[in-house]
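This is what each chain is made of:
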Amino acid sequence: METKLHSFLNSNLLNKYLVGETTLQETQEVEHYIKSYPEAAEAYEKLQNNLEIIAKAGAVDVPKHVLNNILEELDNSNDAKVIQLVQHKKTPWYSIAASAAAVLFAASTLFLYQKNLKLNDENNVVVDEIFDLRSDIENNNAKLDQLAAELSKLNHPDARKYLINGNDRAKDLKTVAYINPVEKTSMIDVIKLPELPADQQYEIWAELQDRMVHLGILDESQRTLKQIPYLEDALALSIKIGTEGDPDNSTEVAEISLKE
């Protein structure tokens with residue numbers, strides 16, 4: 001629903017509704033949002049206030065004596081004078097003043113209207129930033145919750161920690177495995193993996209009584225705790241260097257026993 005409200009606020013329906021240019025369906029939609037959402041009602045109130053400012057800025061008070069002068073001139077005029085005035089095409093000063101006031105009002109109205117549109121665009125930018133910020137906060141909270149859950153598993157009293165170092169073929173290799181036999185969870189933390197050729201990769205394997213089971217690929221670029229399958233009967237964990245697409249052709253570079 002927030003997305004629909006966002007789209008509505010970004011549309012021009014409120015401006016059209018304010019000046020009476022909406023269709024019946026658009027009018028019903030605008031009134032629904034104004035009635036149902038405080039954000040829409042606040043935006044409409046702002047537009048009303050801006051329109052009132054424009055009206056006040058363009059208002060011109062005509063002096064009262066101007067109307068009296070016009071009436072007196074009509075009473076004292078005869079046909080000849082009227083003809084003479086027409087022939088000379090003399091424009092009364094108050095007509096010139098009224099025309100100037102009208103031009104000034106139009107210019108002021110246009111300026112304030114354009115300023116109002118700019119403010120409306122700025123408001124839309126702020127609304128976009130608020131939605132983006134809210135989304136970022138929700139994503140960060142989700143990541144924090146996930147991290148807290150992982151830390152809880154690591155700090156569990158039943159969790160066992162295994163430091164896996166590389167042999168002579170990969171001396172700088174270092175990883176840590178966390179295994180919880182109670183909750184039946186396994187995770188591995190990649191600390192350092194020596195660089196390999198493009199066609200090779202690090203693989204983690206579990207040793208069972210009668211076979212080896214492939215548990216996944218290790219990548220140093222993914223410096224986060226990696227969930228791996230838990231095997232209750234695993235005797236050991238080993239890390240091998242293998243070739244992609246050829247699981248049978250691999251070389252062991254690290255191993256740790258899981259049985260005390």
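Here goes a summary of the coordinates provided. As the structure is a prediction and not an experimental result, all values here were calculated from the model. (Residues numbered from 1 in each chain as written. Predicted model: local features only at pLDDT ≥ 70, side-chain atom pairs only at ≥ 80, totals over all residues. Heavy atoms only, no water.)

### A word on the overall build of the protein chain
Okay, so step 1: On a plain count of helices and strands, the protein chain comes out with seven helices and eight strands.
Okay, so step 2: Here the protein chain, with 260 residues, has 26% of them falling under the buried criterion.
Okay, so step 3: The contacts in the protein chain between residues at least 6 apart in sequence include a share of 56% that link residues at least 24 apart.
Okay, so step 4: Total accessible area on the protein chain is roughly 18,100 Å²; 53% of this is exposed by carbon and sulfur atoms. (Helix = DSSP H or I, 4+ residues; strand = E, 2+ residues; numbered from the N terminus. Buried < 20%, exposed > 50% of the residue type's maximum accessible area, 1.4 Å probe, protein only. Contact = heavy atoms within 4.5 Å. Areas by Shrake-Rupley, 256 points an atom, 1.4 Å probe, with all protein chains shown as cover.)

### Some details on the pairing of strand β2 (residues 174-180)
Okay, so step 1: The buried fraction of β2 amounts to six of the seven residues, a majority that puts the element mostly inside the structure.
Okay, so step 2: For strand β1 (residues 160-165) and β2, the ladder comprises six bridges, and the chain directions are antiparallel. Within β2, the residue paired with asparagine 165 across the bridge is lysine 174.
Okay, so step 3: Counted between consecutive antiparallel strands, the loop separating β2 from strand β3 (residues 185-192) contains four residues, among which lysine 184 sits at a positive phi close to 55 degrees. (Pairing = 2+ DSSP bridges.)

### Concerning the sheet that holds β1
Okay, so step 1: Across the sheet, four strands lie side by side as β1-β2-β3-β6; this open sheet has antiparallel pairing. Where the open sheet ends on each side, the last strands, each with one partner, are β1 and β6 (226-228). Taking each pair of neighbouring strands and ignoring which way they run, the sheet shows an average axis angle of 25 degrees.
Okay, so step 2: Pairing between β3 and β6: three bridges, direction antiparallel. Its bridge partner lying in β6, isoleucine 188 is registered against lysine 226. (Axes fitted to C-alpha atoms, helices over the stretch in contact; angles between N-to-C directions.)

### Overview of the packing of aromatic side chains
Aromatic ring pairs are reported here in terms of the distance separating the ring centres and the angle at which the planes meet.
Okay, so step 1: The tally for this structure, following the rule as stated, stands at three aromatic pairs.
Okay, so step 2: Look at phenylalanine 8 and tyrosine 33: their rings are 4.3 Å apart centre to centre, the planes differ by 5 degrees, and that puts the pair in the stacked class. On the criterion of sequence distance, the pair formed by phenylalanine 8 in helix α1 (residues 2-10) and tyrosine 33 in helix α3 (residues 24-36) is long-range, its members being 25 residues apart.
Okay, so step 3: Using a relative accessible area of 4% as the deciding quantity, one classes phenylalanine 8 as buried. (Phe/Tyr/Trp six-rings, centres within 6.5 Å; stacked < 30°, edge-to-face > 60°.)

### Some thoughts on the packing of α1 against α3
Okay, so step 1: At a closest axis distance of 12 Å, the pairing of α1 and α3 adopts a crossing angle of 120 degrees. Viewed along their axes, α1 and α3 adopt a mutual orientation that is oblique. Of the two possible hands of crossing, α1 and α3 adopt the one that is left-handed. Contact residues: α1 offers Lys4, Leu5 and Phe8, while α3 offers Glu29, Val30 and Tyr33.
Okay, so step 2: Residues that form the contact of α1 with α3 fall into these classes: four nonpolar, no polar and two charged. (Parallel < 35°, antiparallel > 145°, perpendicular 65-115°, else oblique. Left-handed = near helix turned anticlockwise from the far one by under 90°. Nonpolar A, V, L, I, M, F, W, Y, C, P; charged D, E, K, R; others polar.)

### Focus on the environment of glutamine 28
Okay, so step 1: Tracing the backbone through its elements, the reader meets glutamine 28 in helix α3.
Okay, so step 2: Since its relative accessible area comes to 48%, glutamine 28 is described here as partly exposed.

### Topic: the layout of surface pockets
Okay, so step 1: Within this model, the largest pocket holds a volume of roughly 580 Å³.
Okay, so step 2: Going through the elements one at a time, α1, α2 (13-18), α4 (38-58) and α7 (93-154) are the ones with two or more residues in the lining of the largest pocket.
Okay, so step 3: At 10 residues, the largest contribution of residues to the lining of the largest pocket is made by α7.
Okay, so step 4: For the lining of the largest pocket, the class distribution of residues is 12 nonpolar, eight polar and five charged. (1 Å grid on protein atoms, 1.4 Å probe; cavity = no way out; pocket = protein on both sides within 12 Å on 5 of 7 lines; lining within 4 Å. Points joined across faces, edges and corners; volume = space filled by probe spheres on them.)

### With respect to the pairing of strand β7 (residues 236-243)
Okay, so step 1: Within β7, seven of the eight residues are buried, which leaves it mostly tucked inside the rest of the structure.
Okay, so step 2: Where strand β4 (residues 200-207) lies against β7, eight bridges are found, and the strand directions are antiparallel. Among the inter-strand pairings, glutamate 207 is bridged to a residue of β7, identified as alanine 236.

### Re α1
Okay, so step 1: Of all the positions in α1, only Leu5, His6, Phe8 and Leu9 are classed as buried. Along the axis of α1, the buried positions cluster into a sector of 165 degrees, meaning they face one direction only. Every exposed residue of α1 that faces more than 90 degrees away from the buried side is listed here: Thr3 and Lys4. (Arc of directions from axis to C-beta.)

### Things to note about the nonpolar core
Okay, so step 1: Of all hydrophobic cores here, the largest spans 23 residues; its most connected members are Leu173, Tyr202, Leu218, Leu237, Ile239 and Val253.
Okay, so step 2: For this core, the elements supplying multiple residues, two or more each, are β1, β2, β3, β4, β5 (212-218), β7 and β8 (246-257).
Okay, so step 3: The contacts of tyrosine 202, once residues within four sequence positions are left out, are Leu173, Leu193, Pro194, Leu196, Gly216, Ile217, Leu218, Ile239, Lys240, Ile241 and Val253.
Okay, so step 4: Grouped together as the second largest cluster of nonpolar side chains are 12 residues, Leu9, Tyr17, Tyr33 and Ala40 included. (Core = buried A, V, L, I, M, F, W, Y, C linked by side-chain atoms within 4.5 Å.)

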